[in-house]
Amino acid sequence: MLSVSHELRRRLVGMLALGALLVAGPVFAAPSAKPQRIMSLNMCNDLILLMLVPRSRIASITYLAHDAVDRLMPGADRGVATNRGTAEELLLHKPDLILASPWSSSVARRLGKQVNAPIIEVETAYDFEAIRRVIRQIGSAVGEPARAEALIAGMDRDLAALAARPAMRPLRVVAWTGDGLVPGRGTLTDAIITAAGGINIGAKHADNSTASFGLEELLAARPDAIMQGMGSYDAPALRENVARHPLIKRFFAGRQIDYPDAYYACGLPQTAQAARQLADAFARVPRGGPRW
Amino acid sequence: MSRLLWPAAILLLVAVMLLSLAVGRVWLPPSAMIDGLLAPQPNLASLILIELRLPRTLLALIVGLTLGLSGAVLQGLLRNPLASPDLLGVSSGAALGAVIAIYFGLASVFPLATPILGIIGALIAGLVTFTIGRGGTLTLILAGVAVTGLASAGLSLALNFAPNAFAAFEITNWLLGSLAERSWSQLLLATPFMLAGMACLIVNMRALDALTLGETQAASLGIDLDRARLLALLGTALAVGAATSITGGISFIGLLAPHLVRPFVGHQPSRVLLPAALFGAILLLVADIATRLIPTDQEVKLGVLTSLVGAPFFFWLVLRLRRTSP
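Cut-off values and rules
- The numbering scheme is per chain: residues are counted from 1 as the chain's sequence reads.
- For naming, the first written chain is A and the first written ligand is 1, with later ones following in the order written.
- A pLDDT threshold of at least 70 governs which residues receive local features in this predicted model, and a stricter bar of 80 or more applies before side-chain atom pairs are shown or counted, although totals over entire chains, interfaces and linings include all residues.
- Numbering of helices and strands runs from the N terminus, with a helix taken as a DSSP run of H or I at least four residues long and a strand as a DSSP run of E at least two residues long.
- Buried, partly exposed and exposed are defined by the number of other C-beta atoms within 10 Å of a residue's own C-beta, namely 20 or more, between the two limits, and 12 or fewer respectively, with C-beta atoms placed from the backbone.
- Contact criterion: two residues are in contact if their C-beta atoms, reconstructed from the backbone, are within 7 Å.
- Values of the radius of gyration come from C-alpha atoms, whereas the globule rule sets the reference at 2.2 Å times the count of residues to the power 0.38.
- Fitted lines through C-alpha atoms serve as axes, helices being fitted only where they are in contact, and the angles separating the N-to-C directions of these axes extend from 0 to 180 degrees.
- Each angle receives one of four descriptions, namely roughly parallel if under 35 degrees, roughly antiparallel if over 145, roughly perpendicular if within 65 to 115, and oblique otherwise.
- Note: crossing handedness is left-handed where the near helix turns anticlockwise from the far helix by less than a right angle, and right-handed where it turns clockwise.
- Side-chain classes are defined by residue name, with Ala, Val, Leu, Ile, Met, Phe, Trp, Tyr, Cys and Pro counting as nonpolar, Asp, Glu, Lys and Arg as charged, and the others, Gly among them, as polar.
- Strands pair, by our definition, only if DSSP identifies at least two bridges between them.
- Expected span, for any helix, means 1.5 Å times one less than how many residues it has.
- A set of buried residues qualifies as a nonpolar core if it consists of Ala, Val, Leu, Ile, Met, Phe, Trp, Tyr and Cys joined through C-beta atoms within 7 Å.
- The domain boundaries here were taken from an automatic or database domain assignment.
- Note: pLDDT gives the predictor's confidence per residue, expressed from 0 to 100.

Q: Please explain the overall build of chain A as it appears in this structure.
A: Across its full length, chain A holds 13 helices and 11 strands. Burial analysis of chain A (292 residues in total) assigns 41% to the buried set. Sequence separation of at least 24 residues holds for 65% of the intrachain contacts in chain A that already meet a minimum separation of 6.

Spelled out as structure tokens, the structure:
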């Protein structure tokens, strides 16, 4: 009996909190006082958050962010607590703002409502326009719109510099890591390749964000260069067997472009820098297709 | 009947090998293939044919031979129609060994590490199953199930500790078995082990025949049973361990092939071995051709296809066993 009434009370509190959130939603979305204990449940949000607010205002970021932070802005997460997106941590870290993704666990979200912290759901950015949207959204939620605009302006300067480069014959490339899946149309990698002046031959299906590409198809497509992701996941893996296939070594020597995974995993201001680096790499690829 | 079997089987094998060279994700008309092969410079057709499809076809041939042969030897040795490397946990042990070699960096330092650890894993798994499962069909199969369970637990544990974040995704995929994108170097790495394993298995032929009379009778005929068991175990571990470390898990070929040939050659184990190996190769080649012909975005995994065909056969086998045994 006791437990039943307890359960009932817990639910009532939850419903009240939900009601409060619904009523107060618009107020929370543009808070007058800046949130001081921000909790992020998504790696891409972690990275943008670290660029927008001082560490002292962050309650926790995900444990996944560390490798990417090391690569993009070493030391920026020093002393920041990490979470694994569990419900218990939500109660423990007592956030006053939660940055979630459309995939954040529904339990965490339900509990977020109970601890009375507003939840901002941030989309995943797959192109530069979406990156601007996401930075603005997080910037306004954490009360740093000016800082957000500065980040966007930096990214747009990089993009403008890229557009100002002398035009060259666009290279036909594919981001092929050897597990048969390549990023196709509508992926961030596709957007970066296009911005760098390349043609992504992985975008062969109109409606498929990832396409499959066996070695036979790769040879038949005869790309000018093969892009291979490098980064925190350099630990030994099976896919290397295929990526280091003797055929690739023999015919794509000097045509393999290593790119840092960290810049391609999340849509960030630095994504434009990644596109500039890629354009530089394109310029170094020998003219004419692979010879056989 | 058996006189016709050999030419027919060899003809069939050659036909499926040619077919395996002809089909792939990229369609090459036969004339383009011949032109490409005759051209002095490397070209698309010759590269696909010689560097991709030929090693794949040869790998299917030799892996199919080893699976069919080891299945036949195990069924003869244990006088058990349900015996096969995958049901006895040998394949799982091999997979565990190979995964450890790949994900803890041994393979990139020392390429032979993958087949060697695969063989060691297969050997340990086989040894445990044989030791625990002595005493009848049921105990043996149960021991196989237990060893498979242990090996897959070890596999999950290894993946938990693997330094690579993609490990879980990749290895689940790899365990499904495939011959796609294997290179000559991988083929050459594993082939000596598979050949050595097959030699161990074939040497055993006479012992298997004697064993059909029962263990005591075989011993009284001068058969060294311990030597026969050791050779079968070693041969299976070498052959299946090396094969699994290159292809991932391919199940049911070892079970299926001996049963397919028995109606033609009779039940004498020594007569079953070589036809079973031949049919193992034919089955694997046909399955591998099918993975390339089924129009899916990503190739259907070979092990998935062999299981789809093999599992219903296993059901049939179990039902028949229930009818015939008291």
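Q: Teacher, can you tell me more about the overall build of chain B here?
A: Looking only at helices and strands, one finds 15 helices and zero strands in chain B. Compactness check: chain B gives a C-alpha radius of gyration of 20 Å against a globular reference of 20 Å for 326 residues, within 12% of the reference. Counting across all 326 residues of chain B, residues that qualify as buried make up 49%. Put simply, of all contacts in chain B between residues at least 6 apart along the chain, 79% involve residues at least 24 apart.

Q: Please explain the packing of helix α13 (residues 253–265) of chain B against helix α14 (residues 269–293) of chain B as it appears in this structure.
A: Each pair of packed helices can be described by the angle between their axes along with the distance between the axes. Residues and elements named next belong to chain B. It is the contact of α13 with α14, at a shortest axis distance of 8 Å, that shows an interaxial angle of 125°. One way to sum up the angle between α13 and α14 is to call them oblique. For α13 against α14, the interelement crossing comes out right-handed. Contacts between α13 and α14 pair Ile253, Gly254, Leu256, Ala257, Pro258, Leu260, Val261, Arg262 and Val265 from the former with Arg271, Val272, Pro275, Ala276, Phe279, Gly280, Leu283 and Leu284 from the latter. Residue composition of the contact of α13 with α14, grouped by class: 13 nonpolar, two polar and two charged.

Q: Explanation requested: the sheet that holds strand β1 (residues 38–40) of chain A in the structure shown.
A: Neighbouring strands of a sheet are bound in pairs by backbone hydrogen bonds; such pairs are parallel or else antiparallel. Residue and element names in this part refer to chain A. The strand order across the open sheet built from five strands is β3-β2-β1-β4-β5, with neighbouring strands paired in parallel fashion. The open sheet has two free edges, formed respectively by β3 (82–83) and β5 (119–121), since each of these has just one partner strand. Where strand β4 (residues 97–100) and β5 come together, three bridges link them in parallel fashion. Within β5, the position partnered with isoleucine 98 by the bridge is isoleucine 119. On the sheet, helix α2 (residues 43–52) packs against β1, β2 (58–62) and β4 and is oriented at approximately 140° with respect to β2.

Q: Mind showing me how you'd approach helix α7 (residues 137–161) of chain B here?
A: One turn of an α-helix holds 3.6 residues; hence residues three or four places apart share an orientation. Residue and element names in this part refer to chain B. In this model, α7 (25 residues) spans 36 Å end to end at C-alpha, consistent with the 36 Å of a helix rising 1.5 Å per residue. Buried residues of α7: Leu140, Ala143, Gly144, Val147, Thr148 and Ala151, and no others. In this fold, the buried residues of α7 make contact with α4 (90–103) and α6 (113–132).

Q: Explain the nonpolar core to me, please; I cannot follow it from the model alone.
A: The tendency in soluble globular proteins is for nonpolar side chains to be buried as a group. Grouped together as the largest cluster of nonpolar side chains are 92 residues, with contacts concentrated most on Leu69(B), Val73(B), Ala237(B), Ala243(B), Ala276(B) and Leu284(B). Those residues in contact with Leu69(B) that lie beyond four places of it in its chain are Met198(B), Leu201(B), Leu273(B), Ala276(B), Ala277(B) and Gly280(B). Leu50(A), Val53(A), Val122(A) and Leu278(A) belong to the second-largest nonpolar core, a separate cluster that totals 79 residues.

Q: What is the right way to read the pairing of strand β6 (residues 171–175) of chain A from this model?
A: Residues and elements named next belong to chain A. Most of β6 sits inside the fold, with four of its five residues counted as buried. Pairing geometry for β6 and strand β8 (residues 198–200), over three bridges, is parallel. Across the sheet, the residue bridging to leucine 171 is glycine 198, located in β8. Looking at chain direction, β6 and strand β10 (residues 225–230) are connected through three bridges and run parallel. From the neighbouring strand, alanine 175 faces β10, where its bridge partner is methionine 227.

Q: Honestly, the domain arrangement of chain A in this entry has me stumped. Any pointers?
A: A common way to report how large an interface is uses the accessible area buried once the components associate. All names here are of chain A. Here the domain parsing of chain A yields domain 1 (35–156) and domain 2 (165–284). Each side of the interface is counted separately: domain 1 has 19 residues, and domain 2 has 17 residues. When contributions to the side of domain 1 that touches domain 2 are tallied by element, the ones reaching two or more residues are α2, α3 (65–72), α6 (128–141) and α7 (145–163). Of the residues forming the side of domain 1 that touches domain 2, the biggest block, five residues, is contributed by α6.

Q: Any chance you could explain the sheet that holds β8(A) here in plain terms?
A: All names here are of chain A. The sheet built from four strands is open, its strands ordered β8-β6-β10-β11 with parallel pairing. Strand pairing shows two members of the sheet lacking a second neighbour, β8 and β11 (256–260), which therefore form its edges. In this sheet, adjacent strand axes meet at a mean angle of 35° when their direction is disregarded. Of the strands in this sheet, β6 and β8 touch helix α8 (residues 188–195), which is tilted by about 150° from β8.

Q: Honestly, unusual backbone geometry in this entry has me stumped. Any pointers?
A: Residues apart from glycine generally show negative phi values, whereas peptide bonds are mostly found in trans. Residue and element names in this part refer to chain A. Backbone geometry places asparagine 116, a non-glycine residue, at a positive phi of 70°. Along the chain, asparagine 116 falls in the loop between α5 (106–114) and β5. Despite not being glycine, arginine 222 has its phi angle at roughly 45°, a positive value. Its location among the elements puts arginine 222 in the loop between α9 (215–221) and β10. Classification of arginine 222 as partly exposed rests on a count of 13 C-beta atoms within 10 Å.

Q: I'm lost on the pairing of β10(A) in this one. Help?
A: Residues and elements named next belong to chain A. Of all six residues that make up β10, five are buried, and the element is covered over most of its length. Two strands pair when backbone bridges link them, and β10 and β11 are joined in this way by five bridges, in the parallel orientation. Along β11, the bridge assignment pairs glutamine 228 with aspartate 258.

Q: Just checking my understanding: could you explain the packing of α2(A) against α6(A) for this structure?
A: Residue and element names in this part refer to chain A. Between α2 and α6, the shortest axis-to-axis distance is 10 Å and the interhelical angle comes to 60°. Relative to α6, α2 is oriented oblique. Two packed elements cross with a definite hand, and for α2 against α6 that hand is right-handed. Contacts between α2 and α6 pair Asn45, Ile48, Leu49 and Leu52 from the former with Val134, Ile135, Ile138 and Gly139 from the latter. Grouping the constituent residues of the contact of α2 with α6 by class yields six nonpolar, two polar and no charged.

Q: Looking at this structure, I do not really get the confidence of the model for chain A. What am I missing?
A: One rule of thumb: low pLDDT means the predicted coordinates there are not for detailed reading. All names here are of chain A. Averaged over every residue, the pLDDT of chain A is 81; the share at 70 or more is 80%. No element of chain A has a lower mean pLDDT than helix α1 (residues 2–29), at 43, and none a higher one than α6, at 96. Low pLDDT, under 50, characterises residues 1–31; the predicted model gives this stretch 13 contacts beyond four residues in sequence or across chains.

Q: What is the right way to read the environment of Val115(A) from this model?
A: All names here are of chain A. Secondary-structure assignment places valine 115 in the loop between α5 and β5. With 17 C-beta atoms packed within 10 Å, valine 115 lands in the partly exposed category. Sequence separation of valine 115 and lysine 94 is 21 residues, and the distance between their C-alpha atoms is 7.1 Å. With residues up to four places along the chain from it excluded, the contact list for valine 115 reads Leu90, Leu91 and Lys94.

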